[in-house]
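Below are the chains, spelled out letter by letter.
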Amino acid sequence: MTKSEKYVSIIPQIRSVISGETDMIANMANVAAILHEEFDFWWTGFYRVEQGTLVLGPFQGPVACTRIAKGRGVCGTAWQRQETVVVEDVEQFKGHIACSSESRSEIVVPMLKSGEVIGVLDIDSRELSCFDSTDQCYLQQIVELLCSADLRKK
Ligand code: SME
């Protein structure tokens, strides 16, 4: 299967597991599991904005740092810019936070709700240049699905 076919195949599964469930942590946990299993990424997970900082949420993969400030690392940069950041080579990204020395490339997609970032989806690969505009397009769709299932008032 191509990368696009893989994403197309998991989107109905994601819709199904989050439908009727409004708890964001439960939904993040299942989405991380589905993505991680399908693509065999190195690290797949979420950080949530809590009291002005990113705090580690549900993830699959090795132990990760628990808090990231706005503007710091790839995650904090995606939060600050309110846009997806694709890093082909983490060694070339100034300020990259290395939770694992195995990670070589990374994508971070912000979760936007009413114009505000409520968290980020972060995925790491052990291969250089693992992520491109195809990943960006589908992961943004997945994040939108997640945000629309979140019925908290903000
Ligand atoms: N590399 C990230 C930190 C989080 S871990 O990759 C799980 C960053 O630079 O923000």
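Everything that follows concerns the structure shown earlier in this document.
Rules and cut-offs
Residues numbered from 1 in each chain as written. Predicted model: local features only at pLDDT ≥ 70, side-chain atom pairs only at ≥ 80, totals over all residues. Heavy atoms only, no water. Axes fitted to C-alpha atoms, helices over the stretch in contact; angles between N-to-C directions. Helix = DSSP H or I, 4+ residues; strand = E, 2+ residues; numbered from the N terminus. Parallel < 35°, antiparallel > 145°, perpendicular 65-115°, else oblique. Left-handed = near helix turned anticlockwise from the far one by under 90°. Contact = heavy atoms within 4.5 Å. Nonpolar A, V, L, I, M, F, W, Y, C, P; charged D, E, K, R; others polar. Near = heavy atom within 4 Å. Polar contact = N/O pair within 3.5 Å; in protein donor to acceptor, adjacent residues only side chain to side chain. Salt bridge = Lys/Arg side-chain N within 4 Å of Asp/Glu carboxyl O. Buried < 20%, exposed > 50% of the residue type's maximum accessible area, 1.4 Å probe, protein only.

Student: Let's hear about the packing of helix 2 (residues 24-39) against helix 4 (residues 133-149): which residues, and what values?
Tutor: Any two packed helices are characterised by how steeply their axes cross, that is the angle between the axes, and by the distance between the axes. At a minimum axis distance of 10 Å, the contact between helix 2 and helix 4 shows a crossing angle of 155°. With respect to each other, helix 2 and helix 4 are oriented roughly antiparallel. Between helix 2 and helix 4 the crossing geometry is right-handed. Residue-level contacts link Met24, Asn27, Met28, Val31 and Leu35 of helix 2 to Leu139, Ile142, Leu146, Cys147 and Ala149 of helix 4. Looking at the contact of helix 2 with helix 4 residue by residue, the classes come out as nine nonpolar, one polar and no charged.

Student: Talk me through the site of the ligand; I want residue IDs and the actual numbers.
Tutor: Residues in close proximity to the ligand total 13 residues, the closest being Val74, Cys75, Ile97, Glu106 and Asp124. In this structure, a nitrogen atom belonging to the ligand sits 3.3 Å away from a side-chain N or O atom of His96. Interatomic distance of 2.9 Å between a side-chain N/O atom of Asp124 and an oxygen atom of the ligand. Looking at the shell around the ligand, the elements with two or more residues in it are strand 1 (43-50), helix 3 (73-81) and strand 6 (116-125).

Student: Tell me about the pattern of salt bridges, residues and numbers included.
Tutor: On inspection of all chains with the given rule, the structure shows four salt bridges. Note that Lys3 is salt-bridged to Asp135, the shortest N-O span being 2.5 Å. Residue Lys3 is located in helix 1 (residues 3-18), and its partner Asp135 is located in helix 4; the two are separated by 132 residues in the primary sequence. Residue Lys3 is classed as partly exposed on the basis of its relative accessible area of 26%. Here Glu102 makes a salt bridge to Arg126, at a shortest N to O gap of 3.7 Å. Pair noted here: Glu102 is in the loop between strand 4 (85-87) and strand 5 (105-113) and Arg126 is in the loop between strand 6 and helix 4, with a separation of 24 residues, a long-range link.

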